[in-house]
Amino acid sequence: MIENRALVRAVCLPHARGIEVPQYSTAGSSGLDIRAAVPDDKPIIITPGEWAMVPTGLRIEIPNGFEGQVRTRSGIAMQHGIVVLNSPGTIDSDYRGEVKVLLINHGKSSFTISRGDRIAQLVIVSYCSIELKIVKSIGSTTREESGFGSSGIK
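Here the structure is a predicted model, which is why all the values come from computation and not from measurement.

The rules behind these values
- Within every chain, residues take consecutive numbers counted from 1 along the sequence as written.
- Given that the model is predicted, a residue must reach a pLDDT of at least 70 before its local features are reported, and side-chain atom pairs must reach 80 or more before they are shown or counted; all residues, however, enter totals for whole chains, interfaces and linings.
- To get the side-chain values, all heavy atoms of the structure are used, and hydrogens and water are removed first.
- What counts as a salt bridge is simple: a side-chain nitrogen of Lys or Arg found within 4 Å of a carboxyl oxygen of Asp or Glu.
- Secondary structure counts use DSSP, requiring at least four H or I residues in a row for a helix and at least two E residues in a row for a strand, with both numbered from the N terminus.
- With a 1.4 Å probe rolled over the protein chains alone, any residue whose accessible area is under 20% of its type maximum counts as buried; one over 50% counts as exposed, and the rest are partly exposed.
- Here, a strand pair is defined by DSSP locating no fewer than two bridges between the strands.
- Angles here are taken between N-to-C directions and fall from 0 to 180 degrees, while the axes themselves are lines fitted to C-alpha atoms, restricted in helices to the stretch in contact.
- Residues are said to line a cavity or pocket when one of their atoms sits within 4 Å of a point; the points come from a 1 Å grid over protein atoms alone, cavities being sets where a 1.4 Å probe fits but cannot get out and pockets being open sets with protein on both sides within 12 Å along at least five of seven lines.
- Grid points are joined across faces, edges and corners, and a volume is the space filled by probe spheres set on the points.
- Nonpolar side chains (Val, Leu, Ile, Met, Phe, Trp, Tyr) are joined into patches within 5 Å and like charges within 9 Å, using only residues with over 30% relative accessible area and no salt bridge.
- To measure how exposed things are, a 1.4 Å probe is used in the Shrake-Rupley method; for residues, cover is taken only from the protein chains shown.

Trainee: Hey, could you run me through the pattern of salt bridges in this one?
Mentor: Under the counting rule described, the total for this entry stands at four salt bridges. Two residues, R9 and E61, come together in a salt bridge whose shortest N-O distance is 3.4 Å. You can see R9 sitting in strand 1 (residues 9-12) and its partner E61 sitting in strand 5 (residues 51-61), a full 52 residues away along the chain. Overall, R9 belongs to the exposed group, its relative accessible area being 52%.

Take a look at the structure:
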């Protein structure tokens, strides 16, 4: 079995003390569960149609050539309509501030986020930088300009 691992260093900020550090739920999970670092006495309540920035109490150091992607947790999406608004949220390798999660409530009821709740997943992925070259034309394909749904079953 080949393991593909990148070292990501993290600092827990004072308001995250006592909260479980991000971890994989299973051996095959691609995303670390990240948790809300809100005060015990000040949960965040997101009403239907509204959004909120939720602190995690973590600062991370992502290696060059990698990015962090903050993704919705399928359970709270399915059960409550809570999703990452800018999904996936991107954390660049040169960002050193606190990781925060922008959540929106697409559900029908208010949703309460309490201290330590699992609110999103963090996936670290590699990427390549490109050199964008502006040209007069690009190669053609059988698909051409057909978009949105054009490659699906007809």
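Trainee: Sorry if this is basic, but what is going on with the sheet that holds strand 1 here?
Mentor: Pairing between the strands of a sheet comes from backbone hydrogen bonds, and it takes one of two forms, parallel or antiparallel. Strand order in this open sheet of four strands is 1-5-9-7, and the pairing throughout is antiparallel. The outermost strands of the open sheet, each flanked by one partner alone, are strand 1 and strand 7 (82-84). Across the sheet, the mean angle from the axis of one strand to that of its neighbour is 40°, orientation sign disregarded. Of the strand pairs in this sheet, strand 7 and strand 9 (residues 98-105) are connected by three bridges, and their pairing is antiparallel. When the bridges of strand 9 are listed, V84 appears paired with L103.

Trainee: What should I look at first to understand the layout of surface pockets in this one?
Mentor: A probe matching the size of a water molecule, rolled over the atoms, marks out where space remains unfilled. Approximately 810 Å³ is the volume found for the largest pocket. Together, 25 residues line the largest pocket, and N4, R5, A6, Y24 and L32 are the ones closest to its centre. Broken down by secondary-structure element, the contributors of at least two residues to the lining of the largest pocket are strand 3 (32-35), strand 5 and strand 11 (118-126). If you tally residues by element for the lining of the largest pocket, the top one is strand 11, at four residues.

Trainee: Please clarify how a nonpolar patch on the surface should be interpreted in this entry.
Mentor: Taken together, the side chains of I130, L132 and I134 present a nonpolar region at the surface, about 410 Å² in accessible area. Structurally, L132 can be placed in the segment after strand 11. Judged by its relative accessible area of 70%, L132 is exposed.

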